[in-house]
Amino acid sequence: MSKVIVVTSGKGGVGKTTTSASFAAGLAKRGHKTAVIDFDIGLRNLDLIMGCERRVVYDFINVINGDATLNQALIRDKRVDNLLVLPASQTRDKDALTLEGVGKVLHELEHDFHCEYIICDSPAGIEKGAFLALYFADEAIVVTNPEVSSVRDADRILGILSSKSRRAVEGLDPVREHLLVARYDARRVVGGEMLGLDDIKGILGIPILGVVPESPAVLQSSNIGTPIVLDGGDPAAVAYNDMVDRYLGQDRPLRFLEPEKKGLLKRLFGS
Amino acid sequence: MPLFEFLRRQPKTARVAKERLQIILAHERAHRNAPDFLPTLQQEILKVVEKYFPIEPETVKVNLERHATYARLELNIALPLQAATG
């Protein structure tokens, strides 16, 4: 049985693709066969973040239309075994993605490719692509930032998960929801100028899977096409590794919730 | 200048953000599960009632409340005084 996990948010630019790439790479690195699918039809970007943009030959829509087999379209990651990437199409025809087509691809990933985890990287918004990315989900990672509009949109997506997903429609156990707070700046939270984790948790009411601190390394890892989780000791990489371990059931207390202690010189002259 | 940062009074805007979110989300959640046909239902009820009473469109309130084992459809129509007595 494979587990289908949607990474979603409603709002754009909060870190869905960064999270999808790092979560998938983290699971694969720990030995779990994982596929990550880009659902953002027309605005393919997961390939860039994963660093495999020059290896794309066929895409998700080619597979759905029968122009290519799934095996031809899947890109096997060169750094991590057990990691498969299915890129989005660059077509402008949003209707190319169909419920049956998506269901067929997921079924094949489970039964022919024996994937343990299938990560669906949702596009922003609540249109067809976002709906299809969440429809088949067993679990959802809702990504938000400590900022009013992304928290509101996260709440909206939670509503859609509980009413429009396959699990909701078919009356099965509800989609298991996890919250990931990205771009967290503990110093600003302490200063009272940014929503804190407890505020966000209280408002959205779902369990926290991870808190990723604001870090310049996230941009840099996207520059070179390496998921941040594979990028060593940066706080954001540590936070994503913690998140993967936590997801797999290990006890990892949340970190980066307190501001870094600055030395006297830094405090006087800034960092 | 970080040296004088402590002299600047920081407004605690995070608290305002939290309160605004709590209010708007409470409102949006209450209307989230309303089925799409409610506005049409409201229009049709309005037409029927209009045949008998002169009423204003905004006096018809249709609300669907979901509970664990049942749902309640609530209709609330405020009639003008003379219509109700006449």
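Presented here is an overview of the structure given in this document. All figures in this text were calculated on a predicted structure; none of them were measured in a lab. (Residues numbered from 1 in each chain as written. Chains lettered and ligands numbered in written order. Predicted model: local features only at pLDDT ≥ 70, side-chain atom pairs only at ≥ 80, totals over all residues. Heavy atoms only, no water.)

Turning next to the state of the cysteines. Residues and elements named next belong to chain A. Under the criterion given, the structure shown has 0 disulfides over all chains. Left unpaired, Cys115 is separated from the closest cysteine sulfur, that of Cys120, by 11 Å. By relative accessible area, Cys120 is classed as buried at 1%. (Disulfide = S-S within 2.5 Å. Buried < 20%, exposed > 50% of the residue type's maximum accessible area, 1.4 Å probe, protein only.)

Moving on, we get to the packing of helix α7 (residues 148–164) of chain A against helix α10 (residues 197–204) of chain A. Residue and element names in this part refer to chain A. At their nearest, the axes of α7 and α10 sit 10 Å apart, and the two run at 30° to each other. Taken together, the axes of α7 and α10 lie roughly parallel to each other. When you trace α7 past α10, the crossing you get is right-handed. Within the contact between the two elements, α7 uses Val151, Ala154, Asp155 and Leu158 and α10 uses Ile200, Ile203 and Leu204. Across the contact of α7 with α10, the residue classes break down as 6 nonpolar, no polar and 1 charged. (Axes fitted to C-alpha atoms, helices over the stretch in contact; angles between N-to-C directions. Helix = DSSP H or I, 4+ residues; strand = E, 2+ residues; numbered from the N terminus. Parallel < 35°, antiparallel > 145°, perpendicular 65-115°, else oblique. Left-handed = near helix turned anticlockwise from the far one by under 90°. Contact = heavy atoms within 4.5 Å. Nonpolar A, V, L, I, M, F, W, Y, C, P; charged D, E, K, R; others polar.)

Here we take up the side chain of A:Asp245. All names here are of chain A. Secondary-structure assignment places Asp245 in helix α12 (residues 235–247). Residue classification places Asp245 among the buried residues on the basis of a relative accessible area of 10%. The residues touching Asp245, leaving out its near neighbours within four places in the chain, are Arg30, Gln250 and Arg252.

Let us look at the sheet that holds strand β6 (residues 139–144) of chain A. All names here are of chain A. With mixed pairing, the 8 strands of this open sheet are ordered in space as β3-β4-β2-β5-β1-β6-β7-β8. Edge positions in the sheet fall to β3 (75–76) and β8 (208–213), since each of these pairs with one other strand and no more. Both strand β1 (residues 3–8) and β6 contribute to a ladder of 4 bridges, which runs parallel. If you follow Val7 over to β6, its bridge partner there is Ile141. Lying on the sheet, helix α1 (residues 16–29) is in contact with β1, β2 (34–38), β4 (83–86), β5 (117–121), β6 and β7 (176–184); it crosses β5 at an angle near 170°. Across the face of the sheet, α12 comes into contact with β1, β5, β6, β7 and β8 while running at roughly 170° to β8. (Pairing = 2+ DSSP bridges.)

With that settled, the discussion passes to the nonpolar core. All names here are of chain A. Of all hydrophobic cores here, the largest spans 58 residues; its most connected members are Phe39, Phe60, Leu97, Val102, Leu109 and Leu161. Residues contacting Leu97, with those up to four places away along its chain left out, are Phe39, Ile41, Phe60, Ile61, Ile64, Val102, Lys128, Gly129 and Leu132. Formed by 37 residues, the second largest nonpolar core is a distinct cluster that contains Ala25, Leu27, Cys52 and Ala182. (Core = buried A, V, L, I, M, F, W, Y, C linked by side-chain atoms within 4.5 Å.)

Remember, this is a structural readout, not a statement about activity or role.
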